[in-house]
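Read off the chains here:
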Amino acid sequence: MASDDDPASSSDLEASASAAAAAAAAAEEEEEEEEEEEDAAAEEEESETAEEAEYYFSDNDDAAEETVLDVLADGGEEECHWSVSSVRVITKESLLAAQREDLRKVMELLALREQHARTLLIHYRWDVERIFELLEVKGRERLFLEAGVSAIENKGRVLSSSPCPITCNVCFDEVPPSRVSEMDCGHCFCNECWTEHFIIKINDGQSRRITCMAPKCNAVCDEAIVRYLVSARHPEIADRFDRFLLESYIEDNNKVKWCPSVPHCGNAIRVKGDICCEVACACGIQFCFSCLSEAHSPCSCLMWELWIKKCQDESETVNWITVNTKHCPKCHKPVEKNGGCNLVACLCGQAFCWLCGGATGRDHTWSSISGHSCGRFKEDQEKRTEQARRNLYRYMHYHNRYKAHIDSLKQETNLKETIQGKISISENKESKIKDYSWVTNGLNRLFWSRRVLAYSYPFAFYMFGDELFKDEMTPQEREMKQNLFEDQQQQLEANVERLSSYLEKDFQDFSDDLVMDTMSRVINLSNVVDRLCKQMYQCIENDLLYPLRTTHNIAPYKSKGLEKPSEVSICWDSCQSSRSTRTCQEDRCPTSESTANGVAEKTVLGKRSEAQLQGSSSSNNGGYSSSSSSSSRKRDKIDARTGPTFDLNMPP
Amino acid sequence: MLDVSRVQKELAECNRDQAISGVGIALCDGGSDLSHLTGTISGPVATPYEGGTFRIDIRLPGGYPFEPPKMQFITKVWHPNISSQNGAICLDILKDQWSPALTLKTALLSVQALLSSPEPDDPQDAVVAQQYLRDHQTFIATARYWTETFAKRISVDIEEKVQKLVEMGFPEDLVRSTLKSVNGDENMALEKLCSS
Ligand SMILES: [Zn+2]
Ligand SMILES: [Zn+2]
Ligand SMILES: [Zn+2]
Ligand SMILES: [Zn+2]
Ligand SMILES: [Zn+2]
Ligand SMILES: [Zn+2]
Ligand SMILES: [Zn+2]
């Protein structure tokens, strides 16, 4: 967009910025920080914000403008390479492929058959690196033994060729050799008994580790035999078995979790590296990977859990009512204390002592009621009242602010459409300015920082309250930390509000100059706000939490918001090759078709989704569906994203 | 459904050598329900349980033998892995280590082995386990006393007689000492009690 005679050079921008004292202050502040940051560039995990800022303040006017916009506009795509590789979405269709990647590694490196690789991976929770580590430490034999993989070479079913009947040690019947099966461990029982055993284990949810029936034998049963025998009697249970094996990749895997959406979108999310993070699913919802509730940083999972509970039962309010009303000893209606003295009068005319609830006469002074003495309750009661009052006010203080920002976020989200309308009007205007991506980017920045701001209140509530850290800090330390934090919080708050006000302007009616001015402010404030968010997370981690003994993991700040992860790809070469390995395997085990073709897999997972839907009481969904307001918000998001457009990977 | 033929085979097999193994199984209360049985174990030699006969309530779930049998002591017993309150047994093969190839007999033998070698680190009864570890002498004495009191046929009889006489209105101390002096003869004791 920046043509040669573009009126908005960066000197203009700076001039206009200085017109507004506040904006100038912000810019200066930013410049200073920028220098510091450049010094500490090595420490910065991603210095893209610094770069943007640098471009922005560069003397090379024309280029500068363009670069800022480009960076901001394409930021999503450009900067996400590092995170795209770390978070992946696994759909029904790609689950098999995702699992296969790991299976293949283990099969190739340990020269194992697929089922043995699977048993090993299930046992070690799909942690391939750990398997290779343990291989070094324990050696092949022990590694296999502990996981229940039996000596594979022991295989040779000479058994069925022997003509004499065999006594099954479970049913005590004599059976012809054609009706018994031997496992890799060498133990042999009749097919009837095996089948019964398998069915009980599958129904019991133990599909992923069905051990041999022999006492003290740890060997995991051959999945082909399980499939073969069970499907002969109950094909639907055999299907379930296959589904369980497939889903083990999600269920028994620390790095993969089902998306907690309700109704369930059918996806799972895989992360690499630290599992304390926030992620977005392809369906649009964003969640905390650790606790599966909505993304709640800078609150720790524990803080968030406590906060949700607190908000739900409004225990403070209940406390307040119990300490502030008493039941009249005569008519038993609740009476609120209205004056300062301890004699209260009910509407029914009964006077009673506030401290003990006992009926009294009306003759009293400030400190005593004539003919009545209950002094021993007095002090205690007053302390409790005082404490409860203080706690309530404190909670209300934080809750009001938290709520205000959540409400603003909702309103601003609703604004998105209006603003989109303004953008299209502007774009069709007779004007040189054709690129309005700064509006969308600014808006996304606003959403993201508004979110951070909102959750910073419950964080502060617990950080500086008695509930979690009472014994971890001296009152002086606490006050110092609180001042430090609130300072940052207030700065962030002020700049977020300012950003919000600029974005609400009717820029579609503005002159080009004014548009450019608004743009510069939005861009500027976006950078400031981003910087402040980042600083707040750093302050929390380094200054507030780090010195404490208790660990509270806070998901790291992501400047770009939570990108929608890319899907695990289904059809790359290695996958194809592993498919062909699979086909070879199939020849050996004629019973495993059900997982082999994608169609069966899809239907299988479809059922799973239903199960998830119905079983929303499962721990996965627990935290989620419990708060109805948040889940409805999420559903809105899901609905909102149905179109193919996603510009920046930001909250829709 | 319960594998009836297997249970019948097990009962026959187990009771064939009861004298040697020291464990036996019978239908509960002489009933006909194969899923509700009573096992008996004789207390292992050279333990405080020696000489006692311990009765165990056995319930077979529908999935037996693919699901473990449920066993619980009927006879009161003082042992770290057996609840002194309700007779519940803490034994791995009765839980996750159960294998369909194990039998009621092997399970009872395991319970018998448990009597010989308690595992106080995995206690069912914390009080008993504490005593076992800290005051072994008292533990032995208590276990023996319980065996004498609850697990011996003769003592079972005595308890019944004591209760009967106490219910007739005589003080328990006196009943016990009197019964003892006449070697447990109920009629002689009654006579003595009435004349005194
Ligand atoms: Zn059999
Ligand atoms: Zn085996
Ligand atoms: Zn989802
Ligand atoms: Zn969390
Ligand atoms: Zn009243
Ligand atoms: Zn007054
Ligand atoms: Zn009073």
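Everything quoted here is computed from the prediction, not taken from an experiment.

Colleague: Explain the nonpolar core here, please?
Modeller: Nonpolar side chains in soluble globular proteins generally cluster together in the buried interior. Residues and elements named next belong to chain A. Counting residues in each nonpolar core, the largest one holds 63 residues, and the members touching the most others are Phe459, Met463 and Leu492. Mapped onto this core, the elements with two or more residues apiece are helix H13 (301-313), helix H15 (375-427), helix H16 (437-463), helix H18 (475-503) and helix H19 (512-545). Apart from residues no more than four positions distant in its own chain, Leu492 is found in contact with Val452, Leu453, Val529, Leu532, Cys533 and Met536. Grouped together as the second largest cluster of nonpolar side chains are 60 residues, Ala117, Val226, Val230 and Ile237 included.

Colleague: Explanation requested: the confidence of the model for chain A in the structure shown.
Modeller: Low-pLDDT stretches of the model should not have their predicted coordinates read in fine detail. Residues and elements named next belong to chain A. Looking at chain A as a whole, the pLDDT averages 74, with 68% of positions reaching at least 70. Within the model, pLDDT remains below 50 along residues 1-85, and this stretch shows 107 contacts once partners closer than five positions in the same chain are excluded. A low-confidence stretch, residues 572-652 stays under pLDDT 50, and its non-local contacts, those more than four residues away or across chains, total 130 contacts.

Colleague: Would you explain unusual backbone geometry in this entry?
Modeller: Of the consecutive residues Ser297 of chain A and Pro298 of chain A, the connecting peptide bond is found in the cis state with omega at 5 degrees. Looking at the element boundaries, Pro298 of chain A is found in the loop between strand S9 (286-288) and H13. At the junction of Tyr64 of chain B and Pro65 of chain B, the peptide bond is cis and its omega measures out at 5 degrees in the coordinates. Mapped onto the elements of the fold, Pro65 of chain B is located in the loop between strand S3 (53-59) and strand S4 (70-73). Residue Phe172 of chain A is not a glycine yet carries a positive backbone phi of 65 degrees. On the secondary structure map, Phe172 of chain A appears in the loop between strand S2 (166-167) and strand S3 (174-175). Relative accessible area serves as the criterion here: at 25%, Phe172 of chain A is assigned to the partly exposed category.

Colleague: Would you mind showing me how to read the pairing of S4 of chain B here?
Modeller: All names here are of chain B. On S4, burial follows the alternation: Met71 and Phe73 on one face are buried, whereas Lys70 and Gln72 on the facing-out side are not. Note: S3 against S4, 4 bridges, orientation antiparallel. Its bridge partner lying in S4, Ile58 is registered against Met71.

Colleague: Looking at this model, I keep getting lost on the sheet that holds strand S2 (residues 36-42) of chain B. Mind explaining?
Modeller: The strands that make up a sheet are held in pairs by hydrogen bonds between backbone atoms, and each pair lies either parallel or antiparallel. Residues and elements named next belong to chain B. The strand order across the open sheet built from 4 strands is S1-S2-S3-S4, with neighbouring strands paired in antiparallel fashion. The outermost strands of the open sheet, each flanked by one partner alone, are strand S1 (23-27) and S4. Each strand axis lies, on average, 25 degrees off the axis of its neighbour in the sheet, ignoring direction. When S2 meets S3, the two strands line up antiparallel, connected through 7 bridges. By the bridge assignment for S3, Ser42 is matched with Thr53. Each of S1 and S2 touches helix H1 (residues 4-16); the most contacted strand, S1, lies at about 135 degrees to it.

Reading guide: rules and limits
Residues numbered from 1 in each chain as written. Chains lettered and ligands numbered in written order. Predicted model: local features only at pLDDT ≥ 70, side-chain atom pairs only at ≥ 80, totals over all residues. Heavy atoms only, no water. Core = buried A, V, L, I, M, F, W, Y, C linked by side-chain atoms within 4.5 Å. Buried < 20%, exposed > 50% of the residue type's maximum accessible area, 1.4 Å probe, protein only. Helix = DSSP H or I, 4+ residues; strand = E, 2+ residues; numbered from the N terminus. Contact = heavy atoms within 4.5 Å. pLDDT = per-residue confidence, 0-100. Pairing = 2+ DSSP bridges. Axes fitted to C-alpha atoms, helices over the stretch in contact; angles between N-to-C directions.

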